[in-house]
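# Structure at a glance
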Amino acid sequence: MQIKTPKFLLSSGDAILKEAVQRLAQPGRRDFLRRSLTLGGLSMLTGCSLSSNDSVDAALTRVSRFNDDVQAWLFDPNRLAPTYPESMITRPFPFNAYYTQDQVRHVDADSFRLEVSGRVADKHSWTLPELRAMPQVDQITRHICVEGWSAIGRWGGVPFASFLRRVGADLTAKYVGFMCFDDYYTSIDMPTALHPQTQLTLSYDGQILPPKYGFPMKLRMPTKLGYKNPKYIKAIFVTNTYPGGYWEDQGYNWFGGS
Ligand SMILES: Nc1nc2c(c(=O)[nH]1)N[C@H]1C(S)=C(S)[C@@H](COP(=O)(O)O)O[C@H]1N2
Ligand SMILES: [Mo]
């Protein structure tokens, strides 16, 4: 299997980065350290409006790779990522994974059970009909990949906060981790897990989530970069032990905010 190597868009010596580091040195800023970078943060940081793919690419190139602390400075857990009209949906929506599209996993819907473990009261495994029976929401948001592209898509599913509450998750725990059918894995901080736009996604553009976009489900976070949005989820766990991630363990920034 051909594996892609991480690609960073770092432009070092960036004045914005220096400014951010200086600000972090101020003691009051440390409160923000357990947070992450949002789309709003990205545009604030780069002065780019993120109104088009070109400006997002420009912003990404300027931001490149921040260390976690610098990103943390920018996080506001109540800030919402921009949403877009249906007319702006990118068609066809791009596919991406650490392998090529012919190697996409096909998961059997009937035998599928979502495993839930760790710091949760209810550890029962979920069928797809059970997840579909929960109240669903929709979002049209921009997905940004560090490889230098972005695209607008429409995703539907269960607000992840509702799911975490439903399973009796310890909402004071530090991390939520995800294991995927293609051996991909990633993890997020609890404030991001509870963000109103973080979604356990079951559909794409009004259709059952197609295999290439992560059937049976993915986690959609418009406040995070593409690689933080796991597809083909088979297990979710709540933990205080840092779980890392596929790209994160190879040097991508863990917060990976967008
Ligand atoms: N399971 C799994 N999830 C994954 C990946 C992957 O290789 N495997 N790639 C990530 C990256 S880098 C991106 S940009 C998005 C791509 O999602 P898309 O195919 O819906 O565009 O999935 C993310 N989630
Ligand atoms: Mo990505």
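Scroll up to find the structure this text is about.
Everything quoted here is computed from the prediction, not taken from an experiment.

Basis of the calculations
- Residues numbered from 1 in each chain as written.
- Chains lettered and ligands numbered in written order.
- Predicted model: local features only at pLDDT ≥ 70, side-chain atom pairs only at ≥ 80, totals over all residues.
- Heavy atoms only, no water.
- Helix = DSSP H or I, 4+ residues; strand = E, 2+ residues; numbered from the N terminus.
- Buried < 20%, exposed > 50% of the residue type's maximum accessible area, 1.4 Å probe, protein only.
- Contact = heavy atoms within 4.5 Å.
- Areas by Shrake-Rupley, 256 points an atom, 1.4 Å probe, with all protein chains shown as cover.
- Salt bridge = Lys/Arg side-chain N within 4 Å of Asp/Glu carboxyl O.
- Near = heavy atom within 4 Å.
- Polar contact = N/O pair within 3.5 Å; in protein donor to acceptor, adjacent residues only side chain to side chain.
- Nonpolar A, V, L, I, M, F, W, Y, C, P; charged D, E, K, R; others polar.
- Pairing = 2+ DSSP bridges.
- Axes fitted to C-alpha atoms, helices over the stretch in contact; angles between N-to-C directions.

### Digging into the overall build of the protein chain
The helix and strand tally for the protein chain stands at 7 helices and 9 strands. Expressed as a percentage of the 258 residues in the protein chain, the buried residues total 52%. In the protein chain, of all internal contacts separated by at least 6 residues, the share reaching a separation of at least 24 is 72%. With an accessible surface of roughly 11,300 Å², the protein chain has 52% of that area assigned to carbon and sulfur atoms.

### Here we look at the pattern of salt bridges
For the structure shown, the criterion picks out 6 salt bridges. Arg 154 is the partner of Asp 205 in a salt bridge, and the nearest nitrogen-oxygen pair spans 3.5 Å. One end of the pair, Asp 205, is in the loop between strand S6 (199–204) and strand S7 (207–208); the other, Arg 154, is in strand S3 (residues 149–159), with 51 residues separating them in the sequence. Exposure remark for Arg 154: the relative accessible area of 21% places this residue in the partly exposed category. Residue Lys 228 is joined to Glu 248 by a salt bridge in which the shortest nitrogen-to-oxygen separation is 2.8 Å. Taken together, the residues span a long stretch of sequence, with Lys 228 in the loop between strand S8 (218–220) and strand S9 (233–239) and Glu 248 in the segment after S9 at a distance of 20 residues. For the pair shown, Lys 228 and Glu 248 are each scored as buried. One salt-bridge network, held together by shared partners, links Arg 91, Asp 138, Arg 154 and Asp 205.

### Here's the deal with unusual backbone geometry
Cis geometry is found at the peptide bond from Arg 91 to Pro 92, where omega equals -5°. Here Pro 92 lies in the loop between helix H4 (68–72) and strand S1 (115–118). The omega torsion of the bond from Phe 215 to Pro 216 falls at 10°, within 30 degrees of zero and hence cis. Inspection of the secondary structure puts Pro 216 in the loop between S7 and S8. Not every positive phi belongs to a glycine, and Asp 205 is a case in point at roughly 55°.

### Remarks on the environment of Ser 162
Along the polypeptide, Ser 162 turns up in helix H6 (residues 160–166). As a C-alpha pair, Ser 162 and Met 134 span 28 residues in sequence and 8.8 Å in three-dimensional space.

### Examining the site of ligand 1
What surrounds ligand 1 is a group of 21 residues, the closest being Pro 94, Asn 96, Asp 182, Asn 229 and Lys 231. A distance of 2.8 Å separates a nitrogen atom of ligand 1 from a polar side-chain atom of Asp 182. At 2.5 Å, a side-chain N or O of Lys 231 approaches an oxygen atom of ligand 1. Surface burial for ligand 1 is 99%, taken as the share of its 530 Å² of free accessible area covered by protein chains. Its residues assigned to classes, the shell around ligand 1 shows 13 nonpolar, 4 polar and 4 charged.

### What about the sheet that holds strand S4 (residues 175–180)?
The strand order S1-S9-S4-S5 describes an open sheet built from 4 strands, whose pairing is mixed. For this open sheet the edge positions go to S1 and strand S5 (185–189), each flanked by a neighbour on one side alone. Across the sheet, the mean angle from the axis of one strand to that of its neighbour is 20°, orientation sign disregarded. Bridge count between S4 and S9: 6 bridges; the pairing is antiparallel. Paired with Cys 180 across the two strands is Ile 233, which belongs to S9.

### What about the environment of Lys 234?
Structurally, Lys 234 is set in strand S9. For Lys 234, a relative accessible area of 30% corresponds to the partly exposed category. With 18 residues separating them along the chain, Lys 234 and Pro 216 place their C-alpha atoms 8.3 Å apart. Beyond its immediate chain neighbours, meaning those up to four positions away, Lys 234 contacts Phe 112, Arg 113, Leu 114, Glu 115, Met 179, Cys 180 and Phe 181.

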